[in-house]
Amino acid sequence: MYALGESAHRDRLWPVLLASLAMHAAVVSLGVLRRPAPVDMSQKPIIAKLVRLGEARPERWLPRRDAPPPEAAPPAAAPVPVPAPAAATPVALPAEKAKAAPPRPASTASGKGDDALSRVLSKVRKEQAMAKETWGDPSGSAEGTATDASEGNRYLALVTQALQSNYRLPATISEQERMHLGATVILFVEPDGRISNLRFERRSGNDAFDQALERAVRQTRLPPPPPELVRQYRTVGLGVHFHM
Amino acid sequence: MIRSVAVTLLFLPAVALAQRAYIDLGSPDFRPLALAVPAFQASPEAQAEATDTLQVLRDDLALPAVFELLDPRSFLADPREGFAASAIRFQRWSDVGAEGLVKAALRRDGTTLAGELHLYDVRAGREVLYRAYKEKTARALAHRFADDIVQYYTREPGVFRTRVAVVRRGKGTREIVAFDADGRYSEVLYRDSNILLLPSWRPDGGEILFTSYRGGKPEIWGLRLSDGNVRLVAGLGELSSGGVYSPDGRQIAFTASVDGNSDVYVVNADGSGLRRLTSDPATDTSPTWSPDGRRIAFISNRSGNPHIYLMNADGSQQKRLTFQGTYNQTPRWSPRGDLIAFTARDEKKVFDVFVVSPDTGKITRVTQDQGLTNEEPWWAPNGRLLVFVSDRTGRPELVISNPAGDRQRVVTTDASPLANPAWGPLPQ
C-alpha cells in the first residue's frame, strides 16, 4: 500500500516515462527505416596529417606536394632504329612560311603602382615569399607536416596514423580482388585508447581481407581520445572505412 | 530514484542520436604482385624470337607498376618442367616469392610466330589463364601477352598494343611519329616541311587530325592511316587549330580565330554543320571532350589569366573550373571522366603537369622539381596512365606516369625534340 503523497508523486512520473518511451520508439524507428548512405568506394582516401605551424600558402597558387615524386625510371632499352618511312602520299610542298607561333592568351599586366620604391619592395616581398619552401597554418602544430588544415582534425589524424602502420594485407589476396575490396569496421575506444571491441558494419566478402583488418585493429593501440569525445568513442564508436 | 531514472531515460535518445565519426583508410601496405617470368620455351627456329618476346614482355609488365618481376637468377625450379599444373613444383616458385608464374612456348608457323601463354596462381597451384596467338613479330606477341596478364589481374584492358603519336622536329622537317607505348619502336606516319602540331586520333584509330601551315595558314588536316592520304578538315578565319574528335567520332571540336577573336567551334566529321560554341571577346581555345561527349573543357582568359572552363557540348552553361595558378593550358579529359589533366605554370615559373576534378575543382600536382618543363599531358585509353613531354633529361622526351605522379618512366631516347603527344585508342 502506498502513502497518498507517494502515489501522487508516482502519478506525475508516469507521463515522463511515457514520453521517454515514445522518444525511444521514434529514434529506433528512424534508425531502422532510414537507409544509411551508400559508401562510395571510389572515393579517394583522406590521409590526415598534422598541419604544420607557419604562414598559409596563398590560396591562388597551384598546390605543391609535401614530398616530390620519386625519380622516374629510365627507358627500358635502346630504341629500335627508325625504319625508312612508308611511302607517303606525294604532296606539293610550298615554300616554308614565316614561323607564326600558335595563339597564346594575352598576359595580364601586373603593375603595382607608379611609385618605384613600392615596386621594388613588392618585388622583394614576392621573391621572399616564393623562396619559402614550407607553408602551414597559423593554428597548426610545430610537429605538423601538412600544408593546410583541410586534412582532418588532430585526434582523427593520430588514429589514422596508428591504424595505417598496421594496415597490411597478405600477398595471397590476388591483385584482381584487391581492386574491389573494402569493409567498414566500428571501433569502441576506451578512455586510455585501448580498443575494447570491434564489429563489422560492412564485410568485404573476402575472409582473408576481413581477418587481416581484424588483426590490424587488434594490434593497434590508439592515443587516449580528447575528454569531450571519450563517451562518444566508448559508446557510439569510431567508424573506419578500409579500402584500397 | 525513479525520478532520476526517468530523467536519464529522457536524455538517452540524445546519446543514440550522436553522430559517429568515420575515417577513411586506404593504401594498405602490400607489395606489387610478384611475378616469375622464366625463359620461354621455343622450337629451334624460334629461339631468338623467344628471347625478344621475353624481354619485351618484361618491359611491358614493368610499365604499369603493379607487378614486381622477380630476378630470374633467383629461380630454383627447372623452367623446362612443363606446362601442366601437375608437373610444376609450385613450392619452388613460392620459395622465391612468386605469386604468379608466367610461362610461354613459341614456334614458327610459316611466316608467323605462334605463341602460347600460360599463367598460374602459385599459391593455389593451378593454371588460371591460357591464350594462344599467331603474330608476325615477337613484339606483337609480347604485347598481346602483356595485355592479357594485365586484364586478368586488374580487370581492365592493357594498353601495350596502343601507340602514341607525337610531333618530332628535324632539320627543316616536321614529322608525326607513332611510338609504341613502351617507346621502343617508332614509325613515321607523316612528314612535311611546314610547321605541324597538335595531332589527335579518331576514336577508331583510322585517322589523325593535325594542325598544319601547309595551306599557308594554320588549318586542321586529317591523315588517313590506311593510305597516308590527307584532307582539309577545317580552315576558318585567320587560323584553325587543335582539332579533337568527339568520343563517338561524329564531331570535331577545334579553335578558330575569326576577325581576331579566338573561339571554340564544332563541326561534323565530314566538315558540315559548323557551329560556334563560345563568343566571349577573350581568347577561348584548346577544347577537350568529356568521355560521354556531353561536355567540353576549354581554356579561356576571360578572367584575365588562362584557366580551364567547362561547358555543355552545345556551348551552354559555361563556367570556370580552375581558380589556382595564373597560366593553365592544354586540358585533356580522362576517358574515365574523373579527372582533367593539364599543364600549368607555377609561382616559380616552372611548367608542370596537374590534374583537376571536374566535379570538385580540386587540383593535384603530378610533377614537381623534375626539370623546367613537364607539359602537354594525354591520357592512355584506359585512363590509368598519362604521357607527357618532359625536359628532365636535357631534351624533350616522352614520360609515362600514373595520375598520382609517383610512378614515372622516361620511355623515349629520341635525338630530336618531341612535342604534342597524343595517346591512340585501344586496338579495334
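Residues numbered from 1 in each chain as written. Chains lettered and ligands numbered in written order. Predicted model: local features only at pLDDT ≥ 70, side-chain atom pairs only at ≥ 80, totals over all residues.

## Some points on the overall build of chain A
Broken down by element type, chain A carries six helices and three strands. Ordered by position in the sequence, the α and β elements of chain A form the string α-α-α-α-β-β-α-α-β. In chain A, which comprises 244 residues, the share counted as buried stands at 17%. (Helix = DSSP H or I, 4+ residues; strand = E, 2+ residues; numbered from the N terminus. Buried ≥ 20, exposed ≤ 12 C-beta atoms within 10 Å, placed from the backbone.)

## Observations concerning the overall build of chain B
Of the regular secondary structure elements, chain B holds four helices and 31 strands. By residue count, 47% of the 428 residues in chain B fall in the buried class. For chain B, long-range pairs separated by at least 24 residues make up 43% of all intrachain contacts whose partners lie at least 6 apart in sequence. (Contact = placed C-beta atoms within 7 Å.)

## Regarding the nonpolar core
Counting 113 residues, the largest nonpolar core has B:Val164, B:Ile176, B:Ile252, B:Leu386 and B:Leu398 as its most contacted members. Residue assignment places this core across two domains, with domain 1 (33-154) and domain 2 (163-423) of chain B each supplying three or more. Membership of the second largest hydrophobic core comes to 20 residues, among which are A:Val159, A:Leu181, A:Val185 and B:Ile23. (Core = buried A, V, L, I, M, F, W, Y, C linked by C-beta atoms within 7 Å. Domains from an automatic or database assignment.)

## Describing the environment of B:Gly424
Structurally, B:Gly424 is set in the segment after β31 (418-423). Once you skip the residues sitting within four places of it in the chain, B:Gly424 turns out to touch B:Thr162, B:Arg163, B:Val164, B:Ala165, B:Trp201 and B:Gly205.

## Observations regarding the environment of B:Thr283
Residues and elements named next belong to chain B. With respect to the secondary-structure elements, Thr283 resides in the loop between β18 (275-276) and β19 (284-289). Classification of Thr283 by C-beta neighbours within 10 Å gives buried; the count is 22. Spatially, the C-alpha atoms of Thr283 and Thr255 are 9.6 Å apart, while their sequence positions differ by 28 residues.

## Quick notes on the packing of helix α2 (residues 47-62) of chain B against helix α4 (residues 138-154) of chain B
Residue and element names in this part refer to chain B. The interhelical angle for the contact between α2 and α4, taken along N-to-C directions, is 40°, at an axis separation of 8 Å. As far as their axial angle goes, α4 and α2 are oblique. Handedness of the α2/α4 crossing: right-handed. In contact with Glu49, Asp52, Thr53, Val56, Leu57, Asp60 and Leu61 of α2, α4 contributes Ala138, Arg139, Leu141, Ala142, His143, Phe145, Ala146 and Ile149. (Axes fitted to C-alpha atoms, helices over the stretch in contact; angles between N-to-C directions. Parallel < 35°, antiparallel > 145°, perpendicular 65-115°, else oblique. Left-handed = near helix turned anticlockwise from the far one by under 90°.)

## Focus: α4(B)
All names here are of chain B. End to end, α4 covers 24 Å across 17 residues, agreeing with the expected 24 Å (1.5 Å per residue, within 8%). Summarising burial for α4: 13 of the 17 residues are buried, a large majority. Just beyond α4, the residue with positive phi is Arg155, at close to 60°. (Expected span 1.5 Å × (residues − 1).)

## Examining the sheet that holds strand β17 (residues 261-268) of chain B
All names here are of chain B. Ordered by their spatial adjacency, four strands build an open sheet running β15-β16-β17-β18, and the pairing between neighbours is antiparallel. In this open sheet, the two edge strands, each paired with only one partner strand, are β15 (239-245) and β18. Sheet topology note: the β15/strand β16 (residues 251-258) ladder contains five bridges and is antiparallel. Residue pairing in the sheet places Leu239 in a bridge with Ser257 of β16. (Pairing = 2+ DSSP bridges.)

## Re the sheet that holds strand β24 (residues 340-345) of chain B
Residues and elements named next belong to chain B. With antiparallel pairing, the four strands of this open sheet are ordered in space as β23-β24-β25-β26. Only two strands of the sheet have a single partner each, and these edge strands are β23 (328-333) and β26 (363-365). Direction aside, neighbouring strands of the sheet carry axes that sit 30° apart on average. Pairing of β23 with β24 involves four bridges; the strand directions are antiparallel. Of the residues in β24, the one forming a bridge with Gln329 is Thr343.

## Observations regarding the confidence of the model for chain B
Residue-level pLDDT values for chain B average 91, and 95% of them are 70 or greater. Two numbers describe this predicted complex: its pTM, 0.68, and its ipTM, 0.74. (pLDDT = per-residue confidence, 0-100.)

## Digging into the confidence of the model for chain A
Residue and element names in this part refer to chain A. Averaged over all residues, the pLDDT of chain A equals 71, while 54% of them reach at least 70. The model gives residues 39-45 a pLDDT under 50, and that stretch makes 10 contacts with residues more than four places away or in other chains. Here residues 78-113 is a poorly scored stretch, pLDDT under 50, and it has 45 contacts once near neighbours within four places are set aside; other chains count.

## Focus on the pairing of strand β2 (residues 33-36) of chain B
Residue and element names in this part refer to chain B. Pairing between β2 and strand β4 (residues 67-69): three bridges, direction parallel. Its bridge partner being in β4, Leu33 is matched across the sheet by Phe67. Of the pairings in the sheet, the one linking β2 to strand β5 (residues 100-109) comprises two bridges and is parallel in character. Bridging across to β5, Leu35 finds its partner in Gly100.

## Re the environment of B:Val353
Residues and elements named next belong to chain B. For Val353, the location among the structural elements is in strand β25 (residues 351-356). Taking the C-beta count within 10 Å as the criterion, Val353 has 28 such neighbours and is therefore assigned buried. For the pair Val353 and Asn328, spaced 25 residues apart in sequence, the C-alpha to C-alpha distance is 9.8 Å. Leaving out residues up to four positions away in the same chain, Val353 has contacts with Ala341, Thr343, Val366, Thr367, Asn374, Glu375, Pro377, Leu386 and Phe388.

## Topic: unusual backbone geometry
With glycine set apart, most residues show a phi of negative sign, and most peptide bonds adopt trans. Residue and element names in this part refer to chain B. One non-glycine residue, Ser286, adopts positive backbone phi at about 60°. Position of Ser286 relative to the elements: it lies in strand β19. With 27 C-beta atoms counted inside 10 Å, the residue Ser286 sits in the buried group. A positive phi is found at Thr330, a non-glycine position, where the angle reads about 45°. One can find Thr330 in strand β23.

## Focus on the pairing of strand β1 (residues 182-189) of chain A
Consecutive side chains along a regular strand alternate between the two faces of the sheet. Residues and elements named next belong to chain A. Judged from the six bridges that link them, β1 and strand β3 (residues 238-243) form a sheet pairing that is antiparallel. Bridge pairing in β3 places Thr184 opposite His241. Looking at chain direction, β1 and strand β2 (residues 195-202) are connected through six bridges and run antiparallel. Bridge assignment links Leu187 to a residue of β2, and that residue is Leu198. Linking β1 back to β2 in an antiparallel pair, the connection comprises five residues, with Gly193 at a positive phi of about 95°.

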